[in-house]
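# Geometric and topological summary
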Protein chains: 2
Amino acid sequence: MDAAVAYAREHAGRFLEELKALLRIPSVSTLEEHDKDVDAAAEWVAENLRRIGMEHVEIIRSEVGHPLVYADWLHAEGKPTGLCYAHFDVQPPDPLDEWVTPPFEPTERGQNLYARGAVDDKGQLVTQLKALESLLQSDRKLPLNIRVIYEGEEEVGGERISEFVMKHPERLKADFALISDTEMFAPELPTLCVGLRGMVYTELEVRGAKTDLHSGMYGGAAPNPFVALAQIINDLKDRDGKILIPGFYDDVATPSDDELKAWKKLPFDEGHYTKNEVGASTLVGEKGYSTLERTWARPTLDVHGIVGGFTGVGAKTVIPAKATAKISMRLVPRMEPARTFAQYKKYVESICPKGVTVDVRLIHSGEPSLIPTDNAWIRASVQAMRTVWNKDTVFIRSGGSIPIVGEFEKYLKIPSVMMGFGLPDDGLHAPNEKFHIPNFHRGIESVIRFFEEAAKS
Amino acid sequence: MDAAVAYAREHAGRFLEELKALLRIPSVSTLEEHDKDVDAAAEWVAENLRRIGMEHVEIIRSEVGHPLVYADWLHAEGKPTGLCYAHFDVQPPDPLDEWVTPPFEPTERGQNLYARGAVDDKGQLVTQLKALESLLQSDRKLPLNIRVIYEGEEEVGGERISEFVMKHPERLKADFALISDTEMFAPELPTLCVGLRGMVYTELEVRGAKTDLHSGMYGGAAPNPFVALAQIINDLKDRDGKILIPGFYDDVATPSDDELKAWKKLPFDEGHYTKNEVGASTLVGEKGYSTLERTWARPTLDVHGIVGGFTGVGAKTVIPAKATAKISMRLVPRMEPARTFAQYKKYVESICPKGVTVDVRLIHSGEPSLIPTDNAWIRASVQAMRTVWNKDTVFIRSGGSIPIVGEFEKYLKIPSVMMGFGLPDDGLHAPNEKFHIPNFHRGIESVIRFFEEAAKS
């Protein structure tokens, strides 16, 4: 048996305990009160990298934002270089009252490990760490050169890593990137993600009166920012989900016929997806597109929450002075975030109801990506997963956004291999997020095998 | 000079300090954590009633809700009996960061006293208390019989007082009621309010998926309750504010030609109202109606806030499982709250978008009122205010709701005199609520004179 795989199996229990230690750090990058926790997660990752034998371990801090963690091992002369990427920050855990066990007290139930960040993305980050450890500790060397760049801002836009990639491409020089932040299409089905949606996250603030007003005294004459906001949101999409922003669909690239054909062969049970995964009475979406097309190849617009007004228990009869909606759009290949945001802003300003003003703010954005599949690294990954999972890999896209993929392509000129081990029901960003424990361990083995295969190129 | 008025002037400074003491009690009836404070306000009021010489002072508690305070003085044989009403609970103070000085630390700035409840309604409650004190302490008796019923739930629907009025009308037997919870049309302009809007306060909950979902993974296929809620709110009113609920306007009573003519003569500066009082660029509202008609004689619908989703700082890319809007309607004379709520609920259910479910809940409601003006108590009030303010009284309506007025009419068969001393810019329910201090003192004198005049009937 492969020595590194044998090492990984021998230390499987400890690997899981190490993941739990990282999960206990509430590194919520979107909430200022957790800044120190994001830093603590960076320290934990750096210390682990040092301990397993990686070199030049460095926590890269900027004046603002959260740190990056860099490390490398570059002694495989004549061999290719891989760049490992993952993130150690997590989404906020709210709504807290829906968690069965607390989000930062990782808990095993059945074959799953429950915690915020279990699968997105600490569990997957640790698959890389433990694959590197298994190779370094079993053989005192890696089969290829490796650089590691981990970030603490993925959930909040990843500005620091973007800047770093743009300003210091030489420090990340590599032949390919391994991105561990995606999921498998179905249990037991090895999957490579080859397309990602981009993202434009905005705040739309509507202001009416200068101060909150009594809805009895002023109701009927004073503008109500919540009503105005509802009218704006209503006018952003038609009832089938088609977005009404002029020009919004101009640059949308249609998937190739081959890709669409391959999607139709995927084991997708729409009934199960609707009732069990989404848990809704029915799906919604643009007419004329399948669910996979709607979530992978069509742009969308969602409202995440509305700040302002009275939201306590009971009744307060106020016409609020302002209301602020958090609204994001997902972009598909060939769409440009800056152009989309400009179209959105212009349209919202043009439909602003009487009596209120709007302020449209860009919070962050990321490019969509489409990865070519005819290269040695994709082939190495397919071969590695065939060994571990005993199955052929399917190529899918994801509706989510990993802006760094586009930036690696643009500034480092390298392709990414998005090999991930999440499952569709893992509950990313939701209460009771989990990682399927067997996938954690097979993920480690898959990364080991991938590095061994990639070293042959 | 009138002995009671002289007493009031002599003790003006202490009266203001007593009001401040009551204002320091954060008796927010809509928030459970303030239950003890509402009780403390009841105790304060009861103690004050005892001290000034009122009899049979009693705090009436129920198993649920907030207490009532009752007192009487019934030794003016052959004289009429007045029933005094006011409330000692207040609205929540949020948004806290917009207060110049803390809401429960009453602060004088210029001629105003700033605090939550300054004008709504503790300041006005204390005008009654101090008028009674001035009469009782200067003359050892009142010129007429008085019962007092104060409540601690006005801002949360007033269920306890409604029940009490319905079940024990004999304990509140009187010839008229004095309601101190309204405002003057303009500074220096004595005003009686003779019409009130009713109210239906609801929560509209929209549910989509069973749990919060990642907007990348599921955006485009999963129903978004915030978008659905925006569509429902959009469909509740047209862009001019006309409410689209079928049958909503069926029972609306049109004001008489005389009343409409009188409103046109009121010193209403629409430009000042728009820019300075409301503080908006322009007013909104139904076509074909003046601003006074829109706020006094037309029903309205307002959204007060939307609970759910992500409302923290920064970005969270979630499709929330649910969104709950707080929505109320103001009703005008002849509309019935139960009928209006049924129409609203049926309509909302009928326009519920695909993929989500709605739950429409009634939080509380109150009847609209229209008071006849040709009775001795209204004439006594006009005469009293002529003495104090040296001006003729104007008759107005209020867009707000004081359900107890309708209940006094229905169960006690008595008319109400709504004589209040708030000013249009006092900021009811808003940050920096205030009471104009000269109006507090002249309010006390007006109530003294009113009791003296009413005693002659």
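Nothing here was measured: the structure is a model prediction, and the numbers come from that model. Every chain begins its residue count from 1, and numbering advances along the sequence as written. Chain labels run from A onward and ligand labels from 1 onward, assigned in the order the entries are written. The predicted nature of this model means local features are confined to residues of pLDDT at least 70 and side-chain atom pairs, given and counted, to a pLDDT of 80 or more, with totals for whole chains, interfaces and linings taken over all residues. Processing note: side-chain calculations cover all non-hydrogen atoms of the structure and skip hydrogens and water entirely.

### Describing the overall build of chain A
- Looking only at helices and strands, chain A features 14 helices and 18 strands.
- Computation of the radius of gyration draws on C-alpha atoms, with the globule rule given as 2.2 Å multiplied by the number of residues to the power 0.38. In terms of overall size, chain A behaves like a compact globule, its C-alpha atoms giving a radius of gyration of 23 Å where 457 residues would be expected to give roughly 23 Å.
- Based on the C-alpha atoms only, the size of chain A along its principal axes is roughly 80 × 50 × 45 Å.
- Three labels apply to residues, based on accessible area from a 1.4 Å probe with only protein chains included: buried if under 20% of the type maximum, exposed if over 50%, partly exposed otherwise in between. Expressed as a percentage of the 457 residues in chain A, the buried residues total 66%. A run of H or I in DSSP becomes a helix once it reaches four residues, and a run of E becomes a strand once it reaches two; helices and strands are each numbered from the N terminus.

### What to know about the sheet that holds strand S9 (residues 198-207) of chain A
Residue and element names in this part refer to chain A.
- Reading across the sheet, the four strands line up as S11-S13-S9-S14 and stay open at both edges, with antiparallel pairing between neighbours. Strands at the two margins of the open sheet, each flanked by one partner only, are strand S11 (300-307) and strand S14 (357-366). If you compare each strand with its neighbour and ignore which way they point, the axes differ by 20 degrees on average.
- The criterion for strand pairing is that DSSP finds at least two bridges linking the strands in question. Bridge analysis of S11 against strand S13 (residues 322-331) gives seven bridges, and the strand direction is antiparallel. Across the sheet, the residue bridging to Ile306 is Ala325, located in S13. Fitting a line to C-alpha atoms yields each axis, with helices limited to the stretch in contact; the angle taken between N-to-C directions then spans 0 to 180 degrees.

### Some thoughts on the interface of chain B and chain A
- Contacts are residue-level and defined by heavy atoms, with any inter-residue pair within 4.5 Å sufficient. With 90 residues of chain B in contact, the opposing surface of chain A contributes 90 residues.
- Overall, the association of chain B and chain A removes approximately 7500 Å² of surface from exposure, summing both partners, and the carbon and sulfur fraction of that is 54%.
- Put simply, a salt bridge is a Lys or Arg side-chain nitrogen that is within 4 Å of an Asp or Glu carboxyl oxygen. Viewed at the interface, chain A and chain B are joined by two salt bridges.
- When the shortest N-O distance is used, the salt bridge between Arg239 of chain A and Asp235 of chain B registers 3.2 Å.
- Polar contact is defined as a pair of N or O atoms within 3.5 Å, subject to the rule that within protein one atom must be able to donate a hydrogen and the other to accept it, and that residues adjacent in sequence are counted only when both atoms are side-chain atoms. Here chain B and chain A share 40 residue pairs in polar contact (both at pLDDT 80 or more) between them.
- In this count, Pro and Cys sit with the nonpolar residues alongside Ala, Val, Leu, Ile, Met, Phe, Trp and Tyr, while Asp, Glu, Lys and Arg are called charged and the others, Gly among them, polar. The residue inventory of the side of chain B that touches chain A, partitioned by class, reads 35 nonpolar, 35 polar and 20 charged. Two parts lose some accessible area (1.4 Å probe) when they are put together, and adding that loss for both gives the buried area.

### Focus on the environment of Leu266 of chain B
Residue and element names in this part refer to chain B.
- Tracing the chain through its elements places Leu266 in the loop between helix H8 (257-265) and helix H9 (270-278).
- In sequence terms Leu266 and Phe395 are 129 residues apart; their C-alpha atoms lie 9.4 Å from each other.
- Setting aside anything within four residues of it in sequence, one finds Leu266 in contact with Phe185, Leu292, Trp296, Val394 and Ile396.

### Quick notes on the packing of helix H3 (residues 35-52) of chain B against helix H4 (residues 118-139) of chain B
All names here are of chain B.
- For the pair H3 and H4, the least separation of the axes is 9 Å and the interaxial angle reads 15 degrees. Regarding the angle of H3 to H4, the classification is roughly parallel. Here H3 and H4 pass one another in a crossing that is left-handed. On H4, the residues that touch Trp44, Val45, Asn48, Leu49, Arg51 and Ile52 of H3 are Leu125, Leu129, Lys130, Leu132, Glu133, Leu136 and Gln137. Angles are sorted into four bins: roughly parallel if under 35 degrees, roughly antiparallel if over 145, roughly perpendicular if 65 to 115, and oblique for all others. Here a crossing is called left-handed whenever its near helix is offset anticlockwise from the far helix by less than a right angle, and right-handed whenever the offset is clockwise.

### Considering unusual backbone geometry
- With an omega of 0 degrees, the peptide bond running from Asp94 of chain A to Pro95 of chain A counts as cis.
- By the element assignment, Pro95 of chain A lies in the loop between strand S3 (81-87) and strand S4 (107-109).
- Looking along the chain, the bond that leaves Asp120 of chain B and enters Asp121 of chain B is cis, with omega of 10 degrees.
- Inspection of the secondary structure puts Asp121 of chain B in helix H4.
- Of note in this structure, His56 of chain A is not a glycine but carries a positive phi near 50 degrees.
- One can find His56 of chain A in strand S1 (residues 55-60).
- Located in the positive-phi region is Arg140 of chain B, a residue other than glycine, with phi close to 60 degrees.

### Considerations on the packing of aromatic side chains
- Aromatic contacts are taken between Phe, Tyr and Trp rings whose centres are within 6.5 Å, Trp giving its six-membered ring; a plane angle under 30 degrees counts as stacked, one over 60 as edge-to-face, and the others as tilted. What the rule picks out here adds up to 28 aromatic pairs over all chains.
- Both rings, one in Phe185 of chain B and one in Trp296 of chain B, keep their centres 5.9 Å apart while their planes meet at 75 degrees; by these two values the pair is edge-to-face. Here Phe185 of chain B is found in the loop between strand S7 (176-179) and strand S8 (191-196), whereas its partner Trp296 of chain B is found in helix H10 (residues 291-296), with 111 residues between them in sequence.
- The exposure class assigned to Trp296 of chain B is buried, which follows from its relative accessible area of 7%.
- Among the aromatic side chains, those forming a connected cluster through ring pairs are Phe185, Trp263, Phe268, Tyr273 and Trp296 of chain A together with Tyr218 of chain B.
- Here the guanidinium or amino end of Arg109 of chain A rests over the ring plane of Tyr114 of chain A, the centre of that ring lying 3.9 Å away. For a Lys NZ or an Arg CZ to count as sitting over a ring, it must be within 6 Å of the ring centre and within 35 degrees of the ring normal.

### With respect to helix H4 (residues 118-139) of chain A
Residue and element names in this part refer to chain A.
- Any helix carries an expected span of 1.5 Å times its number of residues minus one. With 22 residues, H4 should cover 32 Å at 1.5 Å per step; its first-to-last C-alpha distance of 29 Å lies within 8% of that length.
- Counting buried residues in H4 gives 19 out of 22 residues, a clear majority hidden from the surface.
- Looking one or two residues beyond H4, the residue adopting positive phi is Arg140, at roughly 60 degrees.

### Remarks on the relation of the copies chain B and chain A
- For the pair chain B and chain A, the relating rotation is 180 degrees, the translation along its axis is 0.0 Å, and the fit reaches an RMSD of 0.1 Å. As the rotation angle and translation indicate, the two copies are arranged about a two-fold axis. Relative to the rotation axis, the closest C-alpha in chain B is found at Ala230 of chain B, a distance of 2.0 Å.
- Here 100% of the interface residues in chain B have copies in chain A that are interface residues too; the copies meet face to matching face. C-alpha atoms of residues with pLDDT of at least 70 in both copies form the basis for the least-squares superposition of the copies.

### Looking at the confidence of the model for chain A
- One confidence number per residue, pLDDT, is output by the predictor and ranges from 0 to 100. When pLDDT is averaged along chain A, the result is 96; 100% of the residues meet or exceed 70.
- The ipTM, which scores confidence in the relative placement of chains, is 0.84 for this predicted complex, and the corresponding pTM is 0.84.

### A few points about the sheet that holds strand S18 (residues 434-436) of chain A
Residue and element names in this part refer to chain A.
- Sheet architecture is open: three strands sit in the order S4-S5-S18, paired in antiparallel fashion. Single-partner strands in this sheet number two, and they are S4 and S18. Adjacent strand axes in the sheet meet at a mean angle of 25 degrees when their direction is disregarded.
- Looking at chain direction, strand S5 (residues 112-114) and S18 are connected through three bridges and run antiparallel. Among the inter-strand pairings, Asn112 is bridged to a residue of S18, identified as His436.
- Sitting on the sheet, H4 is in contact with S5 and S18, with an inclination near 50 degrees to S18.
- Together, S4, S5 and S18 form the strand contacts of helix H14 (residues 437-454), whose direction differs from that of S18 by roughly 60 degrees.

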